[in-house]
Amino acid sequence: MEPTDAFVGLECVDCGATVDAAASHHCPDCGGALDPSYDYDAIDLDRETLADRPFDSQWRYAELLPVARESAVTTNEGATALVDCPDLAAELGVERVLIKDEGRNPTGSVADRGASVAVSAAAQHGASDVALPSPGNGGQAVAAYAARAGLDTHAYLPSRSGFTNKAMVNVHGGDMNVVGGRYGDAVDAFVDGIAEHDDWYSLRSFETPYRHEGAKTLFYELVEQLEWTVPDVIAYPTGAGTGLVGLAKAAREFRDLGITDDLPALYAAQAAGCAPIVEAVDEDRDEHRSVDHPDTICGELEIADPAASPRVLAAIHETDGGAVATEDPDILESAARVAQAEGLELIPSAAAAASGAWELAERGVFDGSETVVIVNTGAGNKEADVLRSHLMSQGI
């Protein structure tokens, strides 16, 4: 692996053991998950240095990533727009609302950030095949980046995944396995598949240490776009929690490097039909309880048993954030409202963050002075049929 200068290896999040980057996806001492570790004293990065660089992709922050930019598998993901939404700010009763529009990434979702870093690591480690379960967007993203790296992809998607995701896995040359039922069934099929193939390199969220490293870069970008001001609140649609964990790590890194001063309050937004993180926050627990019968139209959020929930909950607590769940009709209505008020197209799962922000406003969480960032994790046209069906049900 051709690492960046400051990348020193992987650290177990459970026992703190240091592990060589090429050795394993799990701690050899306790079996715990691993997290990339850096020598931050070796990182010479400040606002002026970043301001002098082209705002061209997430790899402009390579000092804080494990793989050197020259070795990255990239299609210029990141550098997405942060759009001011004054009408939404007025409706929520806050100073500013901005939407970080990740639907503008190459395959149309935030998953491209993590896929780029994780596939880069897999290629550096000599993998020939990568495999993962996914609600949809991650499978498409990994298939695209693996194709660029010359690797074979084995993606396990539930049958309810959107047509675009399933089609594009195939278009990128991936082996697309459609599993009946829900995301949990896709995970079970993936576990069986990878057990039969020793040469498959897992890119499942949090099993690979690298997907949430790509997710970090969203925070770097948005504070730079806000002229180094940390937003008061970031509302993030949360399934596995990859994005939220990445945001919290990035916020710590920029603060500790002296680039920013504060941490944003991170809010996990989920659908009421599958809200294990929200339930854990409401009950003041450090780990989730699995949802027995998940049921939501928001397929990217229908993850009933998020394995990394302790890390997600720690990110929420560390940043004095919270969690909010709203019903599917409210989520779809929020997507339509944003499209009609601001012209932005939110994937239904991402609209949970917009709907959640409205719910927080109604609860009186905001005092009126806040800058609120809503993360749109995917392009609305990936699931335009779901959004259109909602409008038709309303007689529109």
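Residues numbered from 1 in each chain as written. Predicted model: local features only at pLDDT ≥ 70, side-chain atom pairs only at ≥ 80, totals over all residues. Heavy atoms only, no water.

- The protein chain is annotated in an unreviewed UniProt entry as Threonine synthase from Natrinema altunense.
- A UniProt comment under Cofactor (unreviewed entry) is attached to the protein chain, and it reads "pyridoxal 5'-phosphate". (UniProt positions renumbered as here; feature names shortened; annotations may be inferred.)

Comments concerning the pairing of strand 6 (residues 129–133)
Regular strands have side chains that alternate between both faces of the sheet.
(1) Moving on: Among the 5 residues of strand 6, 5 are classified as buried, and the element is accordingly described as predominantly covered.
(2) Moving on: Note that strand 6 and strand 7 (residues 152–158) share 5 bridges and pair parallel. Bridging from a neighbouring strand, Leu132 pairs with Ala155 of strand 7.
(3) Moving on: Tracing the backbone out of strand 6, into helix 4 (residues 137–149) and back to the parallel element strand 7 gives a crossover that is right-handed.
(4) Moving on: In this sheet, strand 9 (residues 200–202) lies alongside strand 6 in parallel orientation, the contact comprising 3 bridges. By the bridge assignment, Ala131 is partnered in strand 9 with Ser202. (Buried < 20%, exposed > 50% of the residue type's maximum accessible area, 1.4 Å probe, protein only. Helix = DSSP H or I, 4+ residues; strand = E, 2+ residues; numbered from the N terminus. Pairing = 2+ DSSP bridges. Right-handed = clockwise from strand over helix to strand, strands pointing away.)

Focus: the sheet that holds strand 4 (residues 82–84)
(1) Moving on: Reading across the sheet, the 6 strands line up as 4-5-13-10-11-12 and stay open at both edges, with mixed pairing between neighbours. Each of the sheet's edge strands pairs with one partner strand only, and the pair in question is strand 4 and strand 12 (322–326). Strand-to-strand twist in this sheet, taken as the mean axis angle between neighbours without regard to direction, amounts to 25°.
(2) Moving on: Of the pairings in the sheet, the one linking strand 10 (residues 233–237) to strand 13 (residues 371–376) comprises 3 bridges and is parallel in character. Bridging from a neighbouring strand, Ala235 pairs with Ile374 of strand 13. (Axes fitted to C-alpha atoms, helices over the stretch in contact; angles between N-to-C directions.)

Considering empty space enclosed by the protein
(1) Moving on: By the definition in use, this model includes 2 cavities of 30 Å³ or more.
(2) Moving on: Here the largest cavity defines a volume of roughly 450 Å³.
(3) Moving on: If you go around the largest cavity, you meet 27 residues; those closest to its centre are Val110, Ala111, Arg211, Thr242 and Glu300.
(4) Moving on: The set of elements that each furnish at least two residues to the lining of the largest cavity consists of helix 3 (111–124), helix 4, helix 7 (211–225), strand 10, helix 8 (242–256) and helix 12 (348–362).
(5) Moving on: Looking at the lining of the largest cavity, its residues break down into 12 nonpolar, 12 polar and 3 charged.
(6) Moving on: Counting the residues that make up the lining of the largest cavity, at least three belong to each of domain 1 (82–109 + 210–394) and domain 2 (111–202). (1 Å grid on protein atoms, 1.4 Å probe; cavity = no way out; pocket = protein on both sides within 12 Å on 5 of 7 lines; lining within 4 Å. Points joined across faces, edges and corners; volume = space filled by probe spheres on them. Nonpolar A, V, L, I, M, F, W, Y, C, P; charged D, E, K, R; others polar. Domains from an automatic or database assignment.)

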